[in-house]
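The chain contents come next:
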There are 2 protein chains.
Amino acid sequence: MKRPTIADIARRAGVSKGAVSYALNGQPGVSEATRRRIVAIAQEIGFNPNSAARALSGASARAVGLTLCRPARILSIEPFFMGLISGFEQELAARSFALTLQVVATPQTEIEVYRRWWGERRVDGVFVTDLRENDVRIPVLNELQLPAVVIGGPGDTGKLAQLWSDDAGAITEAVRYLMALGHRRIARVGGLPDLLHTQTRTRAFTEVCASLGLSEAVTVPSDYTGEEGGRATRRLLINAERPTAIIYDNDVMAVAGLSVAQEMGLSVPGDLSIVAWDDSPLCSLVHPPLTALTRDIAAYGAHAARQLLAAIAGEPVEDVEEGTAHLTPRGSTAPPREP
Amino acid sequence: MKRPTIADIARRAGVSKGAVSYALNGQPGVSEATRRRIVAIAQEIGFNPNSAARALSGASARAVGLTLCRPARILSIEPFFMGLISGFEQELAARSFALTLQVVATPQTEIEVYRRWWGERRVDGVFVTDLRENDVRIPVLNELQLPAVVIGGPGDTGKLAQLWSDDAGAITEAVRYLMALGHRRIARVGGLPDLLHTQTRTRAFTEVCASLGLSEAVTVPSDYTGEEGGRATRRLLINAERPTAIIYDNDVMAVAGLSVAQEMGLSVPGDLSIVAWDDSPLCSLVHPPLTALTRDIAAYGAHAARQLLAAIAGEPVEDVEEGTAHLTPRGSTAPPREP
DNA sequence: CTGCAACACTTAACCGATCAAGTCATCCGT
DNA sequence: ACGGATGACTTGATCGGTTAAGTGTTGCAG
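Read on for an overview of the structure. (Residues numbered from 1 in each chain as written. Chains lettered and ligands numbered in written order. Predicted model: local features only at pLDDT ≥ 70, side-chain atom pairs only at ≥ 80, totals over all residues.)

Check the secondary structure of chain A and you find 14 helices and twelve strands. For chain A, the spread of C-alpha atoms along the three principal axes comes to 90 × 40 × 35 Å. Split into buried and exposed, the 339 residues of chain A put 51% on the buried side. Relative to all contacts within chain A whose residues are 6 or more apart in sequence, the contacts with residues 24 or more apart total 69%. (Helix = DSSP H or I, 4+ residues; strand = E, 2+ residues; numbered from the N terminus. Buried ≥ 20, exposed ≤ 12 C-beta atoms within 10 Å, placed from the backbone. Contact = placed C-beta atoms within 7 Å.)

Okay, here's the thing in structure tokens:
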């Protein structure tokens, strides 16, 4: 089956290729009547512009890229990325941009992928997640002048647009809530410690605890996996002065923590309150359902996509702080049992 | 920053564009010495062939497509697809094929996406998941002659290659195991009932139970979500003659089922044994850890990618049954308590 | 009635690869 | 020494769009 081209349309409409191009792209240069005729023919024969030809003649590739730099076993269960992708798609599909995905092992390969994509003109821009301190990817993207939106800061990204959420505000809300319930020994199981947003959370957690007079606020670094989250929990709970509440940096670790607590014979929320960061269906699935810091990840992704599309269009894009996650109380938090 | 092209290489090497093309593609027509010189220059200036130009001049787009037809809230938590994607990437990245992703709402939009991708020449082939009976997508793909690998059959796919796993064998193993433990009332919470592999499982489950003399083997249809899985479990457990073991078609529903059982005061595995289909980290995360039907989903995806790449290359591709999932016993299964 | 701007197109160059066809030098067998 | 085969390239057409520059027609002000 042959693919229809603008030449086919031109022949049937009795005009030149150029006229068809102007008509279909809403450019001036053709009369309204001709435009309608051409559009009708395009519709009828099911015309889709060849994306390669379009990209080749200087226009955009109408595609953006996303690299995922996490091992497969984390990706498969971590709800965050799929939520983000769903959000991207809402905006991208509406403007018929494609999303190109690549799983990479290290930030170095990630850079190679960016260089290749740029060289191949395969994508018009990229989403960058997991911003680190002195992130090696940033100078490369700035050098290539590849439009990008950086998710997970804030940080120093040169000219690249950024989107982040108010993690400090969210953790403050969680700590205040736990304090209001009567907790005095609150711990946190953190995400990957070299990620910038993890550092933001850690700093905010330490500060708010200090300002509220909780001296023993401790953050145990982890890596977002259930195994590590479970281990970190076990380490916290074998202390004589064990915490009465733990905040987890993602839902997978929170579920693992719940499981460890139950395995150690502690009741949740009686002996231990649990707060999960990011509220996926996972949190309502377990027993008791987990109190969570809820944010609309799909909306977050959609926002990032709008920024990236604007950056690609050459419009000025501002750094944006998306709203604060809010606390959704469920069965995993309660006042601590009297000792 | 300007992107280097073969013209740049040609100029520096003092040869024509054509010679460069032959040299870089390993075609005959240039001497070994010249080839090495050209390759060295390409390396040095960091050349990447413009994918648009390549695709336009008849070669492949070096990209394949995947559509995901599930609501965002399922995608975010369902580990299967991310596992599959990781597997795809292993093979695709090695041959520097890109993976283009699109989230769609209905099989109808999915068809439109295929038509658009085909018209745009955006992808060389597609992965098709969730095969249904008389699947509307199959005739379209056959008509477009778009190379495809269908995952989740077996079914009638015309000329399209297929890959499926031995679901009947797996469910037989699970049922036999539960019987060996002493269970006589075994139920199943199924996936989306119109998916072909769900039907395969249902048929096999019914047959094996009948052949082993379990008369009351019932399958409750569900939709892979935790909520529905939980509801289905509740419906099963409020019966006077409630099952002593339940097999779930995915891990999310199994976790939800575990939670419902605990909420109803039943002990797992004492009062109820649970088997999950597909063994994600989720299964080892909860308490008790879930006995699961384990298969290597990434390997499954990698296999599908190899098939698709072969189909794109025009090689004959055979339908393949990937191995049987095997049972990984964990804490959620035990002999039923004496009544 | 002239001059010229506005409109509605057409023409053709261009993007950066691929590849069939053509050119030229060299080698080899007889 | 000559004809033909082989090797190592070059030339130029081609893919399917976009777009600057060119052309012919119409309308309207002066």
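To continue, consider the relation of the copies chain A and chain B. Rotating chain A by 180° and moving it 0.0 Å along the rotation axis overlays it on chain B with an RMSD of 0.1 Å. One copy is carried onto the other by what is essentially a two-fold rotation axis. An overlap of 100% is found between the interface residues of chain A and their copies at the interface of chain B, pointing to a shared contact surface. (Least-squares fit on C-alpha atoms with pLDDT ≥ 70 in both.)

Turning our eyes to something else, we now look at the sheet that holds strand β4 (residues 148–151) of chain B. One open sheet accounts for twelve strands, arranged β11(A)-β5(A)-β4(A)-β3(A)-β1(A)-β2(A)-β2(B)-β1(B)-β3(B)-β4(B)-β5(B)-β11(B); its pairing is mixed. Looking along the sheet, the strands with just one partner apiece sit at the ends: β11 (320–322) of chain A together with β11 (320–322) of chain B. Each neighbouring strand pair of the sheet contributes to a mean axis angle of 25°, computed without reference to strand direction. Alignment of strand β1 (residues 63–68) of chain A against strand β3 (residues 125–128) of chain A, held across three bridges, turns out to be parallel. Residue pairing across strands places Gly-65 of chain A opposite Val-126 of chain A, the latter belonging to β3 of chain A. Those strands touched by helix α6 (residues 79–94) of chain B are β2 (98–103) of chain A together with β1 (63–68), β2 (98–103) and β3 (125–128) of chain B, and its axis lies near 80° from that of β2 of chain A. (Pairing = 2+ DSSP bridges. Axes fitted to C-alpha atoms, helices over the stretch in contact; angles between N-to-C directions.)

Taken together, the 53 residues of chain A in the interface contact 53 residues of chain B. Residue assignment for the side of chain A that touches chain B shows that the elements contributing at least two residues are α4 (51–56), α5 (72–75), α6 (79–94), β2, α7 (107–120), α8 (137–144), α12 (251–263) and α13 (281–285) of chain A. For the side of chain A that touches chain B, the element with the most residues is α6 of chain A, which contributes seven residues. Here the residues of the side of chain A that touches chain B are counted per class, giving 27 nonpolar, 16 polar and ten charged. Summarising the sheet, β2 of chain A and β2 of chain B pair through three bridges and their orientation is antiparallel. Looking at the pairing, Thr-100 of chain A lines up with Thr-100 of chain B of β2 of chain B. (Nonpolar A, V, L, I, M, F, W, Y, C, P; charged D, E, K, R; others polar.)

The residue Gln-145 of chain A is located in the loop between α8 and β4 (148–151) in this model. Considering only alpha carbons, one finds Gln-145 of chain A and Ala-98 of chain A, 47 residues apart in sequence, at a separation of 20 Å.

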